[in-house]
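Residue strings, one per chain:
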Amino acid sequence: MAALFLRLRANPLKLSPKLHTSLIRNAATSSSETASSSEPLTHYRITLRRSAISLPSHIKGTLVSLGIHRRLQTVYHEHSPINAGKILRVKELVEVENVPASAVKNKTEQRRERKAVRGYKVVGSSLLSATP
């Protein structure tokens, strides 16, 4: 990460000053995030932010191959060149984060997390205490 940071500081690509400083900031924050967590980042968290309506079928097919079928749906995939290529094809539509393996949730866990609390608690029941 330090080598990337040094290369960005030199600005060999002749980027605009605004873009160059934002890249330096992102590199600095990502290196501090990596240093603070001991777990390696092994998965992508992919969330569809923009709809694929009226886009070509190859774009829709890429979303389907990633397992995304509706807006704001989140899926998790391991880091691999194949998944990275798929994400790059739809980069304008999705939001991607690197997460450790412990943060990966399946569909049931995501649904349980979204579910609202009941709003009441069953303290006792006359049906349960009655004996025949």
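For the structure, see preceding data.
Now for a description of the structure that goes with this document. Since the model is a prediction, treat every value here as computed from it, not as a measurement. Every chain is numbered on its own, with residues counted from 1 as its sequence reads. The predicted nature of this model means local features are confined to residues of pLDDT at least 70 and side-chain atom pairs, given and counted, to a pLDDT of 80 or more, with totals for whole chains, interfaces and linings taken over all residues. Values shown for side chains rest on all heavy atoms present in the structure; no hydrogens or waters enter the calculation.

### Notes on the overall build of the protein chain
No. 1: Runs of H or I in DSSP of at least four residues are treated as helices and runs of E of at least two as strands, each being numbered from the N terminus. A count of helical and extended segments in the protein chain gives 6 helices and 3 strands.
No. 2: Listing each helix as α and each strand as β along the protein chain from the N terminus yields α-α-β-α-β-α-β-α-α.
No. 3: Burial classification: accessible surface area is computed with a 1.4 Å probe over protein chains only, and a residue below 20% of its type maximum counts as buried, one above 50% as exposed, and the rest as partly exposed. Every one of the 132 residues in the protein chain was classed for burial, and the buried ones make up 22%.
No. 4: For the protein chain, the proportion of contacts with a sequence separation of at least 24, taken over those separated by at least 6, is 70%.
No. 5: Under the convention used here, a 1.4 Å probe and the Shrake-Rupley method define accessible areas, while residue burial counts only the protein chains that appear. When the accessible surface of the protein chain is totalled, it reaches about 10,300 Å², and 58% of it is carbon and sulfur. Whether two residues are in contact is decided by their heavy atoms, any of which lying within 4.5 Å being enough.

### Description of the nonpolar core
The nonpolar side chains of a soluble globular protein tend to be buried, and buried together.
No. 1: Among buried residues, the Ala, Val, Leu, Ile, Met, Phe, Trp, Tyr and Cys ones that are joined through side-chain atoms within 4.5 Å form a nonpolar core. With 13 residues, the main nonpolar core has Ile46, Leu48, Leu63, Ile68, Val90, Leu93 and Val94 as its most contacted residues.
No. 2: Where this core is concerned, the elements lending two or more residues are strand E1 (41-48) and helix H3 (57-66).
No. 3: Sequence-distant contacts of Leu93, defined by excluding residues within four places in its chain, comprise Thr47, Leu48, Arg49, Arg50, Ser51, Leu55, Ile59 and Leu63.

### Here's the deal with the sheet that holds strand E3 (residues 94-100)
No. 1: For two strands to be treated as a pair, DSSP must find no fewer than two bridges joining them. Read from one edge to the other, the open sheet built from 3 strands follows the order E2-E1-E3, with strand pairing classed as antiparallel. Of all strands in the sheet, those with a lone pairing partner are strand E2 (74-78) and E3, marking the two edges. Taking the axes of each pair of neighbouring strands and ignoring which way they run, one obtains an average angle of 30 degrees across the sheet.
No. 2: Examined bridge by bridge, E1 and E2 share 5 bridges and lie antiparallel to one another. Across the sheet, the residue bridging to Ile46 is Val75, located in E2.
No. 3: Helix axes are fitted only over the stretch in contact, all axes being lines through C-alpha atoms; the angle between N-to-C directions runs from 0 to 180 degrees. Contacting E1, E2 and E3, helix H4 (residues 81-89) crosses the sheet at an angle of about 25 degrees to E1.

### Focus: the pattern of salt bridges
Close approach of charged atoms allows side chains of opposite charge to pair.
No. 1: In the sections that follow, a salt bridge refers to a side-chain nitrogen of Lys or Arg positioned within 4 Å of a carboxyl oxygen of Asp or Glu. Within the structure shown, the criterion is met by 4 salt bridges.
No. 2: Glu97 is the salt-bridge partner of Arg45, the closest N and O atoms lying 3.5 Å from each other. Note that Arg45 is positioned in strand E1 and Glu97 in strand E3, a separation of 52 residues in sequence.
No. 3: Classification of Arg45 by relative accessible area gives partly exposed; the value is 22%.
No. 4: With a closest N to O distance of 3.5 Å, Glu92 and Lys91 form a salt bridge.

### Focus: the environment of Ile59
No. 1: The topology assignment puts Ile59 in helix H3.
No. 2: Along the backbone, Ile59 and Val90 are 31 residues apart, and their C-alpha atoms lie at a distance of 6.7 Å.
No. 3: Not counting residues within four places of it along the chain, the set of residues in contact with Ile59 comprises Arg89, Val90 and Leu93.

### Some words on a positive patch on the surface
No. 1: Residues Arg70, Lys107, Arg111 and Arg114 make up a contiguous surface patch of positive charge.
No. 2: Within the secondary structure, Arg111 sits in helix H5 (residues 107-114).
No. 3: The class of Arg111 is partly exposed, set by a relative accessible area of 49%. Residues qualify for a patch when their relative accessible area is over 30% and they have no salt bridge, like charges being joined within 9 Å and the nonpolar side chains of Val, Leu, Ile, Met, Phe, Trp and Tyr within 5 Å. None of His or the chain ends enter the tally, which takes Lys and Arg as positive and Asp and Glu as negative. By convention, the charge on Lys lies at NZ, on Arg at CZ, on Asp at CG and on Glu at CD.

### Let's talk about unusual backbone geometry
No. 1: Its identity is not glycine, yet Ser54 carries a phi of approximately 65 degrees, on the positive side.
No. 2: Note on placement: Ser54 falls in the loop between E1 and H3.
No. 3: For Leu72, which is not a glycine, the phi torsion comes out positive at approximately 65 degrees.
No. 4: For Leu72, the location among the structural elements is in the loop between H3 and E2.
No. 5: For Leu72, a relative accessible area of 49% gives the class partly exposed.

Keep in mind these values describe shape, not function.
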